[in-house]
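# Chain and residue survey
The chain contents come next:
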Amino acid sequence: MQFQKEDFESVVCDFCGADDYTKRYEKRGFWMVQCNKCGLVYTNPRLKQEKIAALYDADYFQGHGFDRSIDYVKDVKDHTKGTDGYTLEDWDCDTILSLLPQERRTNARLLEIGCGTGVFLDKARKHGFECQGLELSEYAANFVRQMGIPVETKSIEDANYPPESFDAIVMREVIEHLPHPLDSLKTIHSWLRPGGVLFMATGNYDCPERKLRGSDWFYFMPEGHLNIFSNSTMRKYLQKVGFRKVDVTNQGDKLMDMLKDWKILTPNVSKPRNIFKRSVFIMMRSINHFISSGMRIYAVK
Ligand SMILES: [Zn+2]
């Protein structure tokens, strides 16, 4: 895709407001820079919002856009055929449930922001959550509606849920796309009930793959990935916004998928109870912490 000079805007650091950075990596004519004050990594200059919005069309959701790794339409097909079994999404649901107060684990209200075609929401519904979605793409939202799950096609800024509407809010591979993550996280925090859980998954800037591959790290997609977090910058964000308990773990999808395939992870538990399985689980998570490219983040209000 070709862009013109007027398609770009220069931005300051979202977290601390500084305009003081070091250029780190160049990719497809974009620069990923790192704030000298707080360490946040962000794309600068970046595409203007209206340009970015145009990237999330039907092609994007079928893996023909700037992110070739996604194919939500195929995910929906696998999911509706019922061939996907106990997936990582199921495990994520079990983990969220384990963090909620006991009395709120049934019919807990869950919002997924950037729910795409709704596979996670349908899984969450099977775990007893009362689900709804927020999704910018009308194309993707239609898949969710067909599952009978309510979804609004709005941005976080335009959605006006009353304060303390939800027990759980989920953002999988979304926060890196948000133009103003600090403002969005403040809003999301206000939507959660006290004791509610925010679960996020995103890339980890400090992972070995970035250090080895530099700008070829797959997570650098500067057209749409506007901010890239590390354990420490993510923690700073969540603490600033007011979450009282923050757990940032480096658990990407690959190793967790293996644990699931080896039946170490089983339905309805977030941590294996069997001592042998639990030891394997803890060991694998420790290894994963040093090799994974992704983070799974749990924050409790
Ligand atoms: Zn900064």
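Below is a short write-up of the structure. Going along each chain's sequence as written, the residues are numbered from 1 onward. Totals for whole chains, interfaces and linings use every residue, but because this is a predicted model, local features are given only for residues with pLDDT of at least 70 and side-chain atom pairs only at 80 or more, for both listing and counting.

### Observations concerning the overall build of the chain
Check the secondary structure of the chain and you find 11 helices and 13 strands. Based on the C-alpha atoms only, the size of the chain along its principal axes is roughly 55 × 40 × 35 Å. In this scheme every C-beta is placed from the backbone, and a residue whose C-beta has 20 or more other C-beta atoms within 10 Å is buried, one with 12 or fewer is exposed, and one in between is partly exposed. Buried residues in the chain amount to 41% of all 301 residues. Long-range pairs, those at least 24 residues apart, make up 68% of the contacts in the chain with a sequence separation of at least 6. Strands are runs of DSSP state E lasting at least 2 residues, helices are runs of H or I lasting at least 4, and numbering of each runs from the N terminus. Once C-beta atoms have been placed from the backbone, residue pairs whose C-beta atoms lie within 7 Å are recorded as contacts.

### Looking at the sheet that holds strand β12 (residues 245–249)
Spatial strand order, β8-β7-β6-β9-β10-β13-β12: seven strands in an open sheet with mixed pairing. Edge strands, defined here as strands with exactly one partner in the open sheet, are β8 (151–152) and β12. Interaxial angle, 0 to 180 degrees, is taken between N-to-C directions of lines fitted to C-alpha atoms, where a helix line uses only the stretch in contact. Packing against the sheet, helix α7 (residues 181–191) makes contact with β9 (166–172) and β10 (192–203), and its axis sits at approximately 140 degrees to β10. For two strands to be treated as a pair, DSSP must find at least two bridges joining them.

### With respect to the sheet that holds strand β3 (residues 30–35)
Judged by pairing direction, the sheet is antiparallel, and its four strands sit side by side in the order β2-β3-β4-β11 without closing on themselves. The open sheet terminates on both sides in strands that have one partner only, identified here as β2 (21–27) and β11 (227–228).

### Topic: the nonpolar core
Note on terminology: a nonpolar core is a set of buried residues of type Ala, Val, Leu, Ile, Met, Phe, Trp, Tyr or Cys, with members joined through C-beta atoms within 7 Å. Grouped together as the largest cluster of nonpolar side chains are 66 residues, with contacts concentrated most on L110, A168, I169, L198 and F199. Look past the residues within four positions of L198 in its chain and what remains in contact with it is I169, I188, L192, F243 and A299. Grouped together as the second largest cluster of nonpolar side chains are five residues, L88, W91, M256 and L265 included.

### Considering the pairing of β2
The sheet contact formed by β2 and β3 spans six bridges and is antiparallel. What sits directly across from K27, in β3, is F30. What sits between β2 and β3 in their antiparallel hairpin is a turn of two residues, with R28 showing a positive phi close to 45 degrees.

### Here's the deal with the environment of C131
Of note, C131 is situated in strand β7 (residues 130–134). Residue classification places C131 among the buried residues on the basis of 27 C-beta atoms within 10 Å. Residues C131 and L111, 20 residues apart in the sequence, show an inter-C-alpha distance of 6.0 Å. Residues within four places of C131 in sequence aside, it is in contact with L110, L121, A124, R125 and I149.

### Some thoughts on α7
Along α7, the residues classified as buried are P181, S184, L185, I188 and W191. The buried residues of α7 occupy an angular sector of 115 degrees when the element is viewed end-on, so they sit on one face. Against the buried residues of α7 lie β9, β10, β11 and α9 (231–241). When we speak of the arc, we mean the arc of directions from the helix axis to the C-beta atoms.

### Details of helix α4 (residues 88–99)
A rise of 1.5 Å per residue sets the reference length of α4, with its 12 residues, at 16 Å; its end C-alpha atoms lie 17 Å apart and thus fit the reference within 8%. Among the residues of α4, those classed as buried are L88, E89, D90, W91, D92, C93, I96 and L97. The span one expects for a helix is its residue count, reduced by one, times 1.5 Å.

### Comments concerning the environment of T233
The residue T233 is located in helix α9 in this model. Overall, T233 belongs to the buried group, with 21 C-beta atoms counted inside 10 Å. Taking the C-alpha atoms as reference points, T233 and G65, 168 residues apart in sequence, are found 28 Å from one another. Excluding residues that lie within four positions of it along the chain, T233 makes contacts with F15, C38, G39 and L40.

### Some remarks on the packing of α4 against helix α5 (residues 119–126)
As a packed pair, α4 and α5 sit with axes 9 Å apart at the nearest point and diverge in direction by 50 degrees. Taken together, the axes of α4 and α5 lie oblique to each other. Of the two elements, α4 crosses α5, and the hand of that crossing is right-handed. Here E89, D90 and C93 of α4 lie close against α5, whose contacting residues are V119, F120, K123 and A124. As a working rule, the residues Ala, Val, Leu, Ile, Met, Phe, Trp, Tyr, Cys and Pro are called nonpolar, Asp, Glu, Lys and Arg charged, and the rest polar, with Gly in that last group. A breakdown of the residues in the contact of α4 with α5 according to their chemical character gives four nonpolar, no polar and three charged. In these notes the angle categories are as follows: under 35 degrees is roughly parallel, over 145 is roughly antiparallel, 65 to 115 is roughly perpendicular, and the rest is oblique. Take the far helix as the reference: if the near one is turned anticlockwise from it by less than a right angle, the crossing is left-handed, and if turned clockwise, right-handed.

### A word on the environment of R28
Turning to its location among the elements, R28 is positioned in the loop between β2 and β3. Given 12 C-beta atoms within 10 Å, R28 falls into the exposed group. Linking R28 and D206, residues 178 residues apart in sequence, is a C-alpha distance of 22 Å.

### Focus on unusual backbone geometry
Between N44 and P45 the backbone carries a cis peptide bond, its omega angle lying at -5 degrees. Positive phi is not limited to glycine here, since N107 has a value of about 55 degrees. Structurally, the position occupied by N107 is in the loop between α4 and β6 (109–113). According to the C-beta neighbour criterion, N107 is exposed, with 10 such atoms within 10 Å. Even without being glycine, E173 reaches a positive phi, approximately 50 degrees. Among the structural elements, E173 can be located in the loop between β9 and α7. For E173, a count of 18 C-beta atoms within 10 Å gives the class partly exposed.

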